[in-house]
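Residue-level listing of the chains:
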Amino acid sequence: MRFRFFRPNNLSRQLLRVIFSIYLAVTLLVTGVQFFAEYVKTKESILNELEQLARTVSAPVSTSLWQYNEKQVEALSSGLLEMPIVEGIDIVNQHAETILSKKSYDILSTPLSIFSASYDLVWFKNEKETKLGSLTLYSSSSIVFDRILFNFILIFIASVINISILFFSFVWAFDKFLSVPLTELISQVDDIRMDRKTGRRISLPVVENNELKQLQDHMNMMFSDIENHQKKLLED
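These numbers come from a predicted model, not from an experiment. (Residues numbered from 1 in each chain as written. Predicted model: local features only at pLDDT ≥ 70, side-chain atom pairs only at ≥ 80, totals over all residues. Heavy atoms only, no water.)

Q: Explain the packing of helix H3 (residues 141-194) against helix H4 (residues 211-235) here, please?
A: In helix packing, the relevant descriptors are the interaxial angle and the interaxial distance, both defined with respect to the helix axes. In the contact formed by H3 and H4, the axes pass within 11 Å of each other and the chain directions differ by 10°. One way to sum up the angle between H3 and H4 is to call them roughly parallel. Residue-level contacts link Phe177, Pro181, Leu182, Leu185, Val189 and Ile192 of H3 to Leu212, Leu215, Met219 and Phe223 of H4. Of the residues that constitute the contact of H3 with H4, the class distribution is 10 nonpolar, no polar and no charged. (Axes fitted to C-alpha atoms, helices over the stretch in contact; angles between N-to-C directions. Helix = DSSP H or I, 4+ residues; strand = E, 2+ residues; numbered from the N terminus. Parallel < 35°, antiparallel > 145°, perpendicular 65-115°, else oblique. Contact = heavy atoms within 4.5 Å. Nonpolar A, V, L, I, M, F, W, Y, C, P; charged D, E, K, R; others polar.)

In structure tokens form, the structure reads like this:
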């Protein structure tokens, strides 16, 4: 049987539309904040991993540059690009001139957001430090989204389930405690109006002393006053 809530021009539906719209807006806002917080947290984690990776490989890259071992530099860069979090590599000399630059994407498929971690390449000889250049590793928003996709899906599913449960709970509650008593009230008023017999009163299936119960009592008092007034007119 269809809920009375879904009938046109229903007061319950109008009330629920306002309440549920507010709840939905708040839920979407909270879910959006959760998504953003998860994205920022994961991005920071990946950035820390990039920094640690750059620090780890800086020594062999520096050695290869000092020895002018281009094949070794090429091999190291290719290995770095195989890392799940690395989207690109730049190696520049001390004059900021590019020695090597590799990207795992092309211009047409550039990620939405790119971030990087850099580390200086130095060579120590006789306790003297010589700066050879710098190593920069790049990652992107695509890597972040890939890592948090499962959490995003769980958050989204949980939000949909919560909204659905709350919606149908509201529909049931408004139908039971508002729509049904109001429909019964209208029906009994129509019966009393059409029935010529006196003494009939409204009796709603309401136990609590709420507004509907008070409305019932006041309408019964009004019917009593009308009957008393009619009796006085007949006696006169």
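Here the narrative resumes.
Q: Where do I start with the side chain of serine 141 in this structure?
A: With respect to the helices and strands, the residue serine 141 is situated in helix H3. When near neighbours in sequence (up to four residues on either side) are disregarded, serine 141 contacts Tyr39, Pro111, Leu112, Ser113 and Phe115.

Q: Whenever I open this one, the sheet that holds strand E2 (residues 98-103) confuses me. Can you help?
A: Adjacent strands of a sheet form backbone hydrogen bonds with each other and so pair up, either parallel or antiparallel. With antiparallel pairing, four strands are arranged side by side in an open sheet as E2-E1-E4-E3. Single-partner strands in this sheet number two, and they are E2 and strand E3 (114-125). For this sheet, the mean angle separating the axes of adjacent strands, direction not counted, is 15°. The sheet contact formed by strand E1 (residues 88-93) and E2 spans five bridges and is antiparallel. Pairing of aspartate 90 across the sheet is with serine 101, part of E2. Along the sheet face, helix H2 (residues 70-81) touches E1, E2 and strand E4 (128-140) and points at about 30° away from the line of E2. (Pairing = 2+ DSSP bridges.)

Q: Just checking my understanding: could you explain the pattern of salt bridges for this structure?
A: Where side chains of opposite charge bring their charged atoms close, a pairing between them can arise. Within this structure, the stated rule accounts for four salt bridges. The salt bridge involving arginine 147 is made with glutamate 49; its shortest N-O contact spans 2.9 Å. Of this pair, arginine 147 sits in helix H3 while glutamate 49 sits in helix H1 (residues 11-66), and the two are 98 residues apart along the sequence. Assessed through its relative accessible area of 39%, arginine 147 is described here as partly exposed. Lysine 102 is the partner of glutamate 74 in a salt bridge, and the nearest nitrogen-oxygen pair spans 2.5 Å. Here lysine 102 lies in strand E2 and glutamate 74 lies in helix H2, a separation of 28 residues in the sequence. Residue lysine 102 is classed as buried on the basis of its relative accessible area, which comes to 17%. (Salt bridge = Lys/Arg side-chain N within 4 Å of Asp/Glu carboxyl O. Buried < 20%, exposed > 50% of the residue type's maximum accessible area, 1.4 Å probe, protein only.)

Q: Even after reading the chapter, I still don't get unusual backbone geometry, so can you show me in this structure?
A: With the exception of glycine, most residues fall at negative phi, and the peptide bonds are largely trans. The backbone of tyrosine 68 sits at a positive phi, close to 55°, despite the residue not being glycine. One non-glycine residue, alanine 96, lies in positive phi territory at about 65°. Note on placement: alanine 96 falls in the loop between E1 and E2.

Q: Mind showing me how you'd approach the packing of aromatic side chains here?
A: In this description, a pair of aromatic rings is defined by centroid distance and the angle of the planes. Scanning the entire structure with this criterion turns up seven aromatic pairs. Both rings, one in phenylalanine 35 and one in phenylalanine 152, keep their centres 4.5 Å apart while their planes meet at 35°; by these two values the pair is tilted. Placement of the pair is phenylalanine 35 in helix H1 and phenylalanine 152 in helix H3, with a sequence separation of 117 residues. Since its relative accessible area comes to 16%, phenylalanine 152 is described here as buried. Summarising the aromatic geometry, the rings of tyrosine 39 and phenylalanine 145 are spaced 5.3 Å apart at their centres and angled 40° between planes, so their arrangement reads as tilted. Of this pair, tyrosine 39 sits in helix H1 while phenylalanine 145 sits in helix H3, and the two are 106 residues apart along the sequence. On the basis of relative accessibility, which here comes to 15%, the residue tyrosine 39 falls in the buried class. Ring pairing ties together the aromatic residues Phe20, Tyr23, Phe167 and Phe168, which thus form one cluster. (Phe/Tyr/Trp six-rings, centres within 6.5 Å; stacked < 30°, edge-to-face > 60°.)

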